[in-house]
Structure formats: structure tokens, C-alpha cells
Amino acid sequence: SREFIERCRPIRKMLGGGMRQAGVLAAAGLIALEHGPTRLQEDHDNAQVLARRLARMRGIILDAAKVQTNIVIFSVQPSGLSASEFLSRLSARSVMALPVDAHRVRMVTHLDVSRRDIETAARETSVTVAEAEIITDAELLPRSRSDGKEAPVREADPVRTAKSGGKDAAST
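Each chain has its residues counted from 1, following the order in which its sequence is written. Under the rules for a predicted model, residues below a pLDDT of 70 receive no local features and side-chain atom pairs below 80 are neither given nor counted, while totals for whole chains, interfaces and linings still include all residues. Just so you know, side-chain values use all the structure's heavy atoms and leave hydrogens and water out.

K.L.:
How should the pattern of salt bridges be read in this particular structure?
P.N.:
When charged atoms on two side chains of opposite charge get close, those side chains can pair. What makes a salt bridge here is a side-chain nitrogen of Lys or Arg within 4 Å of a carboxyl oxygen of Asp or Glu, nothing more. Summed over the entire model, instances satisfying the criterion amount to nine salt bridges. A salt bridge links Glu 42 to Arg 39; its shortest N-O distance comes to 2.9 Å. Taken as a pair, Glu 42 and Arg 39 lie in helix α2 (residues 22–55) at a separation of three residues, close to a single helical turn. Using a relative accessible area of 41% as the deciding quantity, one classes Glu 42 as partly exposed. Numbering of helices and strands runs from the N terminus; a helix is a DSSP stretch of H or I covering at least four residues, while a strand is a stretch of E covering at least two. In this scheme, a residue with accessible area under 20% of its type's maximum is buried, one over 50% is exposed, and one in between is partly exposed, where area comes from a 1.4 Å probe on protein chains only.

K.L.:
For this particular structure, what's the right way to read the nonpolar core?
P.N.:
In globular proteins that are soluble, nonpolar side chains generally tend to be buried together. Definition used in this section: a nonpolar core is a set of buried Ala, Val, Leu, Ile, Met, Phe, Trp, Tyr and Cys residues joined via side-chain atoms within 4.5 Å. Counting 27 residues, the largest nonpolar core has Leu 54, Leu 62, Val 72, Phe 74 and Phe 86 as the members making the most contacts within it. Broken down by secondary-structure element, the contributors of at least two residues to this core are α2, β1 (71–75), α3 (83–91), β3 (104–108) and α4 (115–140). By the convention used here, residues are in contact when the closest approach between their heavy atoms is within 4.5 Å. In this structure, Phe 86 is in contact with Phe 74, Val 76, Leu 81, Val 105, Thr 125, Thr 128 and Val 129, ignoring residues within four places of it in sequence.

K.L.:
Help me understand α2 in this model?
P.N.:
Each full turn of the α-helix corresponds to 3.6 residues, which orients residues three or four apart in the same direction. The largest bend in α2 is about 55°, located at Gly 36, with the proline Pro 37 one to four residues further on. For α2, the set of buried residues is Arg 39, Asp 43, His 44, Asn 46, Ala 47, Val 49, Leu 50, Ala 51 and Leu 54. Fitting one axis to the seven residues ending at a residue and another to the seven starting there, the bend at that residue is the angle between the two axes.

K.L.:
Help me understand the side chain of Asn 70 in this model?
P.N.:
With respect to the helices, strands and loops of the structure, Asn 70 is situated in the loop between α2 and β1. One polar contact links the side chain of Asn 70 to the main-chain carbonyl oxygen of Thr 109, over a distance of 2.7 Å. Every residue in contact with Asn 70, bar those within four places of it in the chain, is listed here: Asp 43, His 44, Ala 47, Met 107, Val 108 and Thr 109. As used in this structure description, the phrase polar contact means that two N or O atoms lie within 3.5 Å; if the pair is within protein, one of them must be able to donate a hydrogen and the other to accept it, and residues adjacent in sequence are counted only when both atoms belong to side chains.

K.L.:
Help me understand the sheet that holds β3, please; the structure alone is not making it clear to me.
P.N.:
Hydrogen bonds between backbone groups are what pair the strands of a sheet, and the pairing can be parallel or antiparallel. One open sheet holds the three strands; their spatial order is β1-β3-β2, and the pairing between them is antiparallel. Both edges of this open sheet fall to β1 and β2 (98–99), since each of them pairs with a single strand only. For two strands to be treated as a pair, DSSP must find no fewer than two bridges joining them. Pairing of β1 with β3 involves five bridges; the strand directions are antiparallel. Each bridged residue has a counterpart across the sheet, and for Ile 73 the counterpart in β3 is Arg 106. To obtain an axis, a line is fitted to C-alpha atoms, over the contacting stretch when the element is a helix, and the angle between two such axes runs from 0 to 180 degrees between their N-to-C directions. Across the sheet, α2 touches β1 and β3, and the angle it forms with β1 is around 15°.

K.L.:
For this particular structure, what's the right way to read the side chain of Asn 46?
P.N.:
On the secondary structure map, Asn 46 appears in helix α2. For Asn 46, a relative accessible area of 1% gives the class buried. Only 3.5 Å separates the side chain of Asn 46 from the backbone oxygen of Val 113, close enough to count as a polar contact. In this view, Asn 46 contacts Thr 109, Val 113, Ser 114, Arg 115 and Ile 118; residues no more than four positions away in its chain are not counted.

Structure below.
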């Protein structure tokens, strides 16, 4: 009856019966099932390459052995930058990542990220960290005031001091 059809129409749509392009979605699912497993291993391998490169950088804390998937999470706290500051600088270098919290960053490898992209991301991350350290070191140096006296020096950062073997620009 017409009344029955009218009652069922919203239910049919809620269950996907209103989809006119279901074949397009099904095709994407079939491709993922057929080609996904081999691609996934490539993504995991790329993540391992990225993790090993990042783990060697000053200013980054990362245990590359703990990276088991295509997701790489690392801390930028030793660089003196927050995750948002780090990501802003990294974005200016055309490398995308997301914050996990105030000091940790997440990078993900996937179909659209090649090995060459991994090398580029690692290089640009290294430059970003190095620039942050140069800026931080400059902030630690004494500044002259207009009256000829030295401006007070900021306290040494214990993380940076430990990394440099007990010597920090503020303590030299």
C-alpha cells in the first residue's frame, strides 16, 4: 500500500538504499582488498626509513625500533619548540604532519608518500630542527644594552646542557 511505502522509504535510505553510486564505492573497496596488503608493507618500510632518520637528529626523541606500522610519533621537546611551532615551520617547508600533544608530532606514510618524499621530509625536518637550535642558541647569548652593560642571560636549558656535555651557551 502507499502508506506502507511511505513508512519504509526513510528506513530504506538509512540502510543505504538511496545510494545511486554504490558501484563506485564497491570498486574502491575491491581495489583496497586486492592491492592494499602489498602497499601496506611498503608504507611500513617507508615509516621505518623515516623513523631511523629522525631518531638520529638532535632535537628529536624517537625510538625507531618501536615504530611497527606506517605511523611515526616523535617528541620535539629537546629542540625547544612546541609541536605547533615545529609544525608551522615544517609546513613552510611543504612537509605535513599533525600534533599529538604539546610536544609530540605524528607523521604517516601512505599511498601518496614515496621513498623520495620520505627523504625530503627527513631532510626538511633536520633543517627545521637545526634552525630551531640556532635560534635557541642565539637567545642564550648575552646581548648588549644601550648603556654599555650586558643584558642578563637567560638560565641554561638543562636538556640542551646535557646534550652538549655540560656546556651551554649561557654557561660559557
